[in-house]
Amino acid sequence: MYDSDKPVLEVKGLKTHLTTKNGVSKAVDGIDFSLHKGETLGIVGESGCGKSMTSLSILRLIPSPPGKIVDGSILFKGKNIVEMSEDQLRKIRGNEISMIFQEPMTSLNPVIPVGEQIAEALRLHQKLGKKDAWQNSIEMLKLVGIPSPEKRAKQEPFQLSGGMRQRVMIAMALACRPEVLIADEPTTALDVTIQAQILELIKKLQAKIGMGVIMITHDLGVVAETCDKVAVMYAGNIVEHAPTEQLFSDPKHPYTKGLLNSLPRIYEDQDELATIEGNVPSPYHLPEGCRFASRCAHREAICDRKLPELIEQSDGVKVRCWMYTDQWALHEEKEEVL
Amino acid sequence: MQAQTRKVILQVDHLKQYFPVKTNSLFKPKNYVKAVDDVSFKLYEGETLSIVGESGCGKSTTGRAILRLDEPTSGKVHYSGKNILELNKRDMRKLRGDLQVIFQDPFASLNPRQTVKQILNEAMAIQEVVPKKERLERLLELLSYVGLPPESLSRYPHEFSGGQRQRIGIARALAVDPRLIICDEAVSALDVSIQAQILNLLKKLQRQFGLTFLFISHDLSVVRHISDRVMVMYLGKVVEIAEKKSLFDQSFHPYTQALLSSIPVPNPKLNRDRVILKGDIPSPIDPPKGCRFHTRCPFVMDRCKTEEPELREVKANHFVSCHLV
Amino acid sequence: MMMFILRRIFQTIPVMIGVTFVVFFIMQLVPGDPAVLLAGEGASKETIEGIREQLGLNQPLYVQYTDYLMNIFRGDLGVSLKNSQPVLDEILVRLPITIELAFFSILITIVLGMAAGIISAIKPYSLTDVSVMLIALLGISLPSFWFGLMLMYLFSVKLQILPVAGWDSILHIILPAVTLGAGGAAIVARMTRSSMLEVIRQDYIRTARSKGLRETVIIYKHALRNALIPVITVVGLQFGALLGGTVLVESIFAINGLGRMIVDAIRMRDLPIVQGGVLCASLIFVIVNLFVDIFYRFFNKRIELN
């Protein structure tokens, strides 16, 4: 039934909207991507682009109200998560697909020993007895590199440092050997030397367990170091989807280019940073045409008329921009004739 | 070299900032967080000196101590011939016109009930730098410096985006004609495209007004972009201080090296030999004896565990505190 | 933890001394001269003077206060002006009754309040939630003397299933305990609800959901323990209000407890009894607060570090 060559997770046309008193916010507005086992997909973008909403939608963890998946499908090994019952969904959460979050400070329950927080998932999904689950959770703590795990397992989160808490989160997420790990800004709240440790650890465990990883981040450096392929998001859409090396060596979408140019470099000197002028459109009032048009240097009439599709180019990169369509060539010719 | 001929605007000597910690026992001696422990450096007119380090290294505390936002435990901070730490309230208030600060969270540092006009007017009124009649003109001038439209004056902070709010914070600092601005994680909360705008703006203003910046940040890429010199701190101590080029070309302290190699670089083709430090940053309440970095240092020797290294000049204007060099 | 408990116990000593101070001097402000009252109407000046001397009322105030304080340490709270019985004996007879009443009342406050709060919080803004909160609002607004009388009318007079007054069996406890505990239960219910709603929004609840836990486990294991931390403080404060309430409730239901003793003594200008009673009630309050603090600390170990 389930073919291992096929992607383990496939998201098609996903739309997650938030209905508030200010109107409807199209936080995620038609997203497509797929993930194979052992592969790492980066979803990158600036605040408000919808990357976190996308990650929460996969396990249907968006707070509702106001959030709701209004369209699209999320196929996990061929089964549609969007249509699952709560019971079916619970069997997947924390077992076959699990998540780690940005804030290790607040993502662990402050009054429950960390060992128990890991063990409860093991008892639930692996049907382990109390003792075995506890032993197993100590093993997991050892695996994520926590010193004296027997002692640490009995401690509550406030007794651990930020880096250690994120290790506990990882231990918890990987306890049931999931097939997909969603990491939502896992290192944003950590210091750089600790961030390096955590990213290294995720890579190491991925090689060991073989899960697919979705890395949600705003940091293009993290993407470059951890991901096989990247989806760049802007205002609820994917604007470019490319293998990591290609995205950095040959960015296509004007937004991707702008983003890369605005980064200060650690290995070069720049006198002035390139900037993207203007602001992201409000998700409540999205323009009809290309959502980046108002900030784009290549803007033409067609850009304001219609939202371009995410189209695959000859080199396999997908990009959502009129410049990479046949219409653009026609449009240019017309200009020349005039 | 060049730096020695330049004028020193601020000189910090043996600055210490200890915060007492509550203990549970009535009888145990009081503990202290040695947030800043014997830090000395000079700041030259018109330059940008960055202080970089991870949480608990004391970089922000140093900035706050200089401005006396927290009274430092001991040390001297000389500004134009006077020790700031000995000034009385009135003189200190006068001095605050010269020394300004921009914080990380522009929203928290702007009064939500004041319009931009009120915020900027208040800053000017305290220092009495501009006669009342000329204030409106001055306000519009300030807005143009930071790239905000004139109609911003009648709006409230919450009506602006994060980047724009940081611009208001910068305008407020500029309102009093400062000479030195301390930027405490001023761009850390911003998205990269906005961060680039603010960094460019800071550089432009520095050229325009001959400002001196003390730039406090945890982000080495940003530091590299904006600084002339860089000071690296770890657990309340200076571990390395040098001209930017010298530091980024060849750093001597193992901590600086590790810090540099920990940064994720947006270039997937780059193959680096990474130094990944083991363990956590120790608590500043009970910092390691000897060299404070010895618990995580890949090159630790016996000497490091007992003897604290001095800050020594290893190259022209490049100081390192490590037994290895 | 031990250190904390010891220190906390030490801290209660100045509080208690402060209480004796306040109790003593407030009593001085009460109009009416106890000696005149004791001597009875038409007594001669000499008799009154004599009583004054006998009770030490002619001494300067600070001497009276130090004597009073020293006597307390000896366990001597003086004698009742009315029947010359030692005040301590009187209190020891009345106290267990009041404690019994307070215990059942606080039990109602906690159990009823928390249950209602949780039920409300699980489905906020649902019909159940709105009705429960409406009842809670009534519970806070209704004065307890009226509520007590209504209960008495309904259950004792009309339905005749519970005794009207007195203190003989478990059945006697029900009405006064409900009267006394209802207001607190309403406050605790509202507090539990808002605290639960706050906790349910936290990141760690999302984490618990992402693990695939059942909603009931999430509520009772992950949310409740955190939500109860502020509720404990409210329960502690409620206990103080409850002690005050015993005065009314004991009078309504004719229960010979501490509260009623104090009220009667005030009416009789029986100063030593009033002083002793108030002192005793304060002591209970301080002790309860001590336990609340320790309990709070136990629930919320994080504050030990900060």
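For the structure itself, consult the block above.
Now for a quick tour of the structure. (Residues numbered from 1 in each chain as written. Chains lettered and ligands numbered in written order. Predicted model: local features only at pLDDT ≥ 70, side-chain atom pairs only at ≥ 80, totals over all residues. Heavy atoms only, no water.)

Looking at the overall build of chain C
Heads up, the condition is: Helix and strand assignments come from DSSP, with helices taken as H or I runs of at least 4 residues and strands as E runs of at least 2, each series counted from the N terminus. By the convention used here, residues are in contact when the closest approach between their heavy atoms is within 4.5 Å. Residue exposure ignores everything except the shown protein chains as possible cover, and the areas themselves are Shrake-Rupley values with a 1.4 Å probe. His residues and chain termini do not enter the charge count, which takes Lys and Arg as positive and Asp and Glu as negative. For the purpose of locating charges, the reference atoms are NZ of Lys, CZ of Arg, CG of Asp and CD of Glu.
Counting its secondary structure elements, chain C contains 13 helices and zero strands. Shown N-terminal to C-terminal, the secondary structure of chain C runs as helices and strands in the order α-α-α-α-α-α-α-α-α-α-α-α-α. When its C-alpha atoms are laid out on the principal axes, chain C stretches across 85 × 55 × 30 Å. Residue pairs at least 24 apart in sequence account for 73% of intrachain contacts in chain C once pairs closer than 6 positions are excluded. In the structure as shown, chain C presents an accessible area of about 16,200 Å², 69% of it carried by carbon and sulfur atoms. Side-chain charges in chain C split into 24 positive and 20 negative, and the spacing between the mean points of these groups amounts to 17 Å.

Re the packing of aromatic side chains
Heads up, the condition is: Only Phe, Tyr and Trp rings are paired, with Trp represented by its six-membered ring, and only when their centres lie within 6.5 Å; those with planes under 30 degrees apart are stacked, over 60 edge-to-face, the remainder tilted. With a 1.4 Å probe rolled over the protein chains alone, any residue whose accessible area is under 20% of its type maximum counts as buried; one over 50% counts as exposed, and the rest are partly exposed.
For the coordinates displayed, the defined rule picks out 16 aromatic pairs over all chains. Note on Tyr234(A) and Phe292(A): the rings are 5.2 Å apart at their centroids and 90 degrees apart in plane angle, and the pair reads as edge-to-face. Residue Tyr234(A) is located in strand β9 (residues 229-234), and its partner Phe292(A) is located in the loop between α10 (254-261) and α11 (301-305); the two are separated by 58 residues in the primary sequence. Judged by its relative accessible area of 2%, Tyr234(A) is buried. A residue is classified by how much of its surface remains accessible, and Phe292(A), at 3% relative accessible area, is buried. Pairing Tyr65(C) with Tyr68(C) gives two aromatic rings, centres 6.5 Å apart and planes at 40 degrees, and the pair type is tilted. With Tyr65(C) and Tyr68(C) both in helix α4 (residues 61-73), this residue pair falls three residues apart, about one helical turn.

Considering the packing of helix α9 (residues 203-210) of chain C against helix α10 (residues 215-252) of chain C
All names here are of chain C. Convention followed: Each axis is a line fitted through C-alpha atoms, taken for helices only over the stretch in contact, and angles between the N-to-C directions span 0 to 180 degrees. Note on terminology: angles under 35 degrees are roughly parallel, angles over 145 are roughly antiparallel, angles of 65 to 115 are roughly perpendicular, and the others are oblique. Put simply, a crossing is left-handed when the front helix is turned counterclockwise from the back one by less than a right angle, and right-handed when it is turned clockwise. Residue polarity is assigned by list, with Asp, Glu, Lys and Arg as charged and Ala, Val, Leu, Ile, Met, Phe, Trp, Tyr, Cys and Pro as nonpolar; anything else, Gly included, falls into the polar class.
At a minimum axis separation of 10 Å, α9 and α10 run at an interaxial angle of 155 degrees. By the criterion of interaxial angle, the relationship of α9 to α10 is roughly antiparallel. For the pair α9 and α10, the sense of crossing is right-handed. Residue-level inspection shows Tyr204, Ile205, Ala208 and Arg209 of α9 in contact with α10, the latter providing Glu215, Ile218, His222, Ala223 and Asn226. Considering only residue class, the contact of α9 with α10 consists of five nonpolar, two polar and two charged.

So, unusual backbone geometry
Unusually for a residue other than glycine, Arg60(A) sits at a positive phi of about 50 degrees. Tracing the backbone shows Arg60(A) in the loop between α1 (51-58) and β4 (67-76). What makes Arg60(A) partly exposed here is its relative accessible area of 22%. With a phi close to 55 degrees, Gln160(C) is a non-glycine residue in the positive phi region. The exposed category is assigned to Gln160(C), whose relative accessible area is 61%.

Fair warning: the whole summary comes from geometry, so function is off the table for now.
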